[in-house]
Structure formats: C-alpha cells, structure tokens
Amino acid sequence: MRGMARPSYKEQMQRFREEAIVEAVNRLLATKGYDAMTVDEVAAEAGMAKASVYKHFASKEDLAAAAMVRALDRALAFVDDLRAQADVPALDQLKAIARWAMQAQLAGEMPALPSQNSSLTATLQANDDYMDRLIDLSNKISIWITQGQTRGQLNPDLPLEMIMYILFARACDPVVAMLKASGQYTDDQILDWATTTTFGGLAPQR
C-alpha cells in the first residue's frame, strides 16, 4: 500500500503560518490575557500582516480557541504519559497534572482566558476540536478522582465536578502568578506550596 500523499508546498506553508500564529497567540494569552490581546499584536508577534492572520482565523475568538486546542493537546499528552504508569496511585497522578498545569503557567505557556465572556464561550462550545479534547481530558481525570475517592485519598463527600473544576483552576491560578511576580520564591517553592494547599488545605501537615 502506498503512503499518504505528501502535502504540497503551498499546504506546508499554510500549516507553517497557522502554527506561527497559534504560537504567537499562546504567548500573548499567557502574558497579557484574552481581553488585552489584539489581532494587531498577534500579527506583529507572528511576523506577518494582519490580513494574513485573518486568512487563517476569522476572529479573535477563533484565535483563542486554536490556542486552547493546542493547550489541551499538551495536557492530553501529559495525562496519557501518566496513565502509562499504572502503579502510581490516583492521588499522585492528580497532583502531577495539577503541578504540570501550574508549571506551564509559570513558564508562560498556558493561555489565560477570562472566566466570563459570552462570545468566547460560545466560540469554544461550537469548536468540535476543543470540545472533543476537553471531554476526553475530563473523562480521563475523572477516573483518577473516582479512584481517589473510593480509596479514601480524596473526600468522598465532594462532588466529582467540584474536584475537577478545582484542578482545572490551577492552570490559571492568580496566586501562582502573584508569587512568581514577587520575585521572592523559586518556581519549585511555588509549585510545592500550591500543590500542598490544593490537596491538603491550609491546616498544618502531619
């Protein structure tokens, strides 16, 4: 059987430009956030004309959605690597994914989106690539949450959805960003403290 046809030069260039745009969007979302980001800045960051950006993405919302798809791809790849380590307890798996999300934020690799934005929310919900990945990620994490509750590692009285949302919130935790901005602490200190408080609360650890 013959392999798939090799993409044409034009197709390769189009893919290259889209990759450059999405990478630029990711950097701007991580450093400035969605509200402050403009399409002009995306074009400048990607090194191309604004009209070229609009040839690939119809709106600012579509740009953010593409960056979120990329972020979910990275998250799924990390989770799949964790799932291959079947001997690691569910609680440790959840701590690892929370720590990974916060590390991505500290490294300027996690898109920062507003918690409430009707136009962006509608765009994300209508994006099949985004929704498919989000559902896949949620399902895989929910298995660890259920295992952790069943084995007494997590509070069984808490709704699964609440624990899920808390973990997702770590990817955009303002506390992590503020501690980083203070310049007083190392990334490892911030990650250790944030992980400890996420899973153990504020009570003294015994």
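For the structure itself, consult the block above.
Remember, it's a predicted structure, so these values are computed and weren't measured experimentally.

Visitor: Would you mind showing me how to read the layout of surface pockets here?
Guide: In this approach, a probe sized like a water molecule rolls over the atoms, and the result shows the empty space that is left. Empty space within the largest pocket amounts to approximately 1000 Å³. In terms of lining residues, the largest pocket is bounded by 33 residues, among which M68, Y130, L134, F168 and C172 are the most central. Breaking the lining of the largest pocket down by element, the ones donating at least two residues are helix 4 (60–83), helix 5 (90–106), helix 6 (118–125), helix 7 (128–150) and helix 8 (160–169). The leading source of residues in the lining of the largest pocket is helix 7, at seven residues. In terms of residue class, the lining of the largest pocket is made up of 28 nonpolar, five polar and no charged. In this structure, the second largest pocket spans a volume of roughly 280 Å³. If you go around the second largest pocket, you meet 15 residues; those closest to its centre are A30, Q105, A112, D173 and A177. Secondary structure elements with two or more residues in the lining of the second largest pocket: helix 5 and helix 9 (174–182).

Visitor: Please explain the packing of aromatic side chains as it appears in this structure.
Guide: The way to describe two aromatic rings as a pair is by their centre distance and the angle between their planes. Under the counting rule described, the total for this entry stands at two aromatic pairs. Taking the centre distance of 5.5 Å and the plane angle of 20° together, the rings of F78 and W100 count as stacked. One end of the pair, F78, is in helix 4; the other, W100, is in helix 5, with 22 residues separating them in the sequence. Taking the centre distance of 5.1 Å and the plane angle of 80° together, the rings of Y185 and W193 count as edge-to-face. The class for Y185 is partly exposed, based on a relative accessible area of 31%.

Parameters at a glance
Residues numbered from 1 in each chain as written. Predicted model: local features only at pLDDT ≥ 70, side-chain atom pairs only at ≥ 80, totals over all residues. Heavy atoms only, no water. 1 Å grid on protein atoms, 1.4 Å probe; cavity = no way out; pocket = protein on both sides within 12 Å on 5 of 7 lines; lining within 4 Å. Points joined across faces, edges and corners; volume = space filled by probe spheres on them. Helix = DSSP H or I, 4+ residues; strand = E, 2+ residues; numbered from the N terminus. Nonpolar A, V, L, I, M, F, W, Y, C, P; charged D, E, K, R; others polar. Phe/Tyr/Trp six-rings, centres within 6.5 Å; stacked < 30°, edge-to-face > 60°. Buried < 20%, exposed > 50% of the residue type's maximum accessible area, 1.4 Å probe, protein only.

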